[in-house]
Amino acid sequence: MTDKPTPLLLITADPSQPLAHLALRYARAYLKQKKLEKETLEQTKLEEATSQQTAAHNNIDPEISDDMAKNDTPPLNLFFYADAAHTANRLRWQSADQSDLTKEWQALAKQHNLSLPVCVSTALSRGISDTDNSARHQLDSENLAEGFHLVGLSELAMMMQDNCRLIQF
């Protein structure tokens, strides 16, 4: 059985653009679908294990519990690049009539244990920095939003080497 490719969302649109909001909607829908698939699979495996119980023990087949435990790969990979780096700016103000993409990505990442990597060079060139880069480049302060982290393009390359399906927003 071959694994389905993990989607890699390469987000390049500025958070004020509709395409940036579409990326978040896609991520939410995809993660909801994966959660339902996982729950269905676990329920099916549990039912199979229950029907095949041995007389001596009422344990789940070790192979089944191993399969469940092995699923530590993220269901979705993200990479914020170009103008999407603005999403990681904790000082970015959003009017009350607009959704705050920074907070929404943070909540989604926390809920699904997702990483929020941002290209370091595109972030720095847009005035977004973490503590380490602020010190390294003699900047006055940092403004990287919580949950986001600055990474090099090698991180994107490594994600693309894996079995992935690249989707750009």
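Residues numbered from 1 in each chain as written. Predicted model: local features only at pLDDT ≥ 70, side-chain atom pairs only at ≥ 80, totals over all residues. Heavy atoms only, no water.

Participant: How would you explain helix α3 (residues 101–112) if you had to name every residue and give the values?
Facilitator: In a regular helix each residue adds 1.5 Å, so 12 residues correspond to 16 Å; α3 covers 16 Å between its end C-alpha atoms and thus fits that length. Considered for burial, the residues of α3 that qualify are L101, T102, E104, W105, L108, A109 and H112. Projected onto a plane normal to the axis of α3, the buried residues spread over an arc of 165° and lie on a single side. Away from its buried face by more than 90 degrees, α3 exposes K103, K110 and Q111. Directly after α3, the chain includes N113, whose backbone phi takes a positive value near 55°. (Helix = DSSP H or I, 4+ residues; strand = E, 2+ residues; numbered from the N terminus. Expected span 1.5 Å × (residues − 1). Buried < 20%, exposed > 50% of the residue type's maximum accessible area, 1.4 Å probe, protein only. Arc of directions from axis to C-beta.)

Participant: Explain the confidence of the model for the chain residue by residue, including any values.
Facilitator: Chain-level pLDDT for the chain is 86 on average; 85% of the residues reach the 70-or-more range. In this model residues 60–69 is a low-confidence stretch, pLDDT under 50, and it forms 9 contacts with partners more than four residues away in sequence or in other chains. (pLDDT = per-residue confidence, 0-100. Contact = heavy atoms within 4.5 Å.)

Participant: Lay out the pattern of salt bridges with the relevant residues and their values.
Facilitator: For the structure on display, the rule yields 5 salt bridges. With a shortest N-O distance of 2.4 Å, E104 and R28 are connected by a salt bridge. Here R28 lies in helix α1 (residues 18–51) and E104 lies in helix α3, a separation of 76 residues in the sequence. A salt bridge links R92 to D100; the nearest nitrogen and oxygen atoms lie 3.7 Å apart. Note on R92: relative accessible area 19%, which makes it buried. You can call D100 buried: its relative accessible area is 19%. (Salt bridge = Lys/Arg side-chain N within 4 Å of Asp/Glu carboxyl O.)

Participant: Lay out unusual backbone geometry in plain terms, naming residues and giving numbers.
Facilitator: One non-glycine residue with positive phi stands out, namely A82, at about 55°. Its identity is not glycine, yet Q138 carries a phi of approximately 50°, on the positive side. You can see Q138 is positioned in the loop between α5 (131–136) and β4 (148–151). Residue classification places Q138 among the exposed positions, given a relative accessible area of 67%.

Participant: Any details on the packing of aromatic side chains? Residues and values, ideally.
Facilitator: Tallied over the entire structure, the rule returns 5 aromatic pairs. Ring centres of Y26 and Y30 lie 6.2 Å apart, and the angle between their planes is 10°; on these two criteria the pair is classed as stacked. With Y26 and Y30 both in helix α1 and 4 residues apart, this pair spans about one turn of that helix. Look at Y26 and you get partly exposed, because its relative accessible area is 25%. When the centroid spacing of 5.8 Å and the interplanar angle of 50° are considered together, the rings of Y26 and F169 count as tilted. Placement of Y26 in helix α1 and of F169 in the segment after β5 (164–168) is noted, with a sequence separation of 143 residues between them. (Phe/Tyr/Trp six-rings, centres within 6.5 Å; stacked < 30°, edge-to-face > 60°.)

Participant: Got a sec to walk through the nonpolar core? Specific residues and values, please.
Facilitator: Counting 30 residues, the largest nonpolar core has L78, F80, W105 and F148 as its most contacted members. Residue assignment for this core shows that the elements contributing at least two residues are β1 (6–11), α1, β2 (77–80), α3, β3 (116–119) and β4. Top element by residues in this core is α1. It accounts for 6 residues. By size, the runner-up hydrophobic cluster in this structure holds 7 residues, among which are L8, L10, F79 and C119. (Core = buried A, V, L, I, M, F, W, Y, C linked by side-chain atoms within 4.5 Å.)

Participant: Lay out the side chain of R92 with the relevant residues and their values.
Facilitator: Residue placement: R92 occurs in the loop between β2 and α3. Among the polar contacts made by the side chain of R92, one reaches the side chain of Q94 at a distance of 2.8 Å. Look past the residues within four positions of R92 in its chain and what remains in contact with it is P15, H86, T87, D100, L101 and T102. (Polar contact = N/O pair within 3.5 Å; in protein donor to acceptor, adjacent residues only side chain to side chain.)

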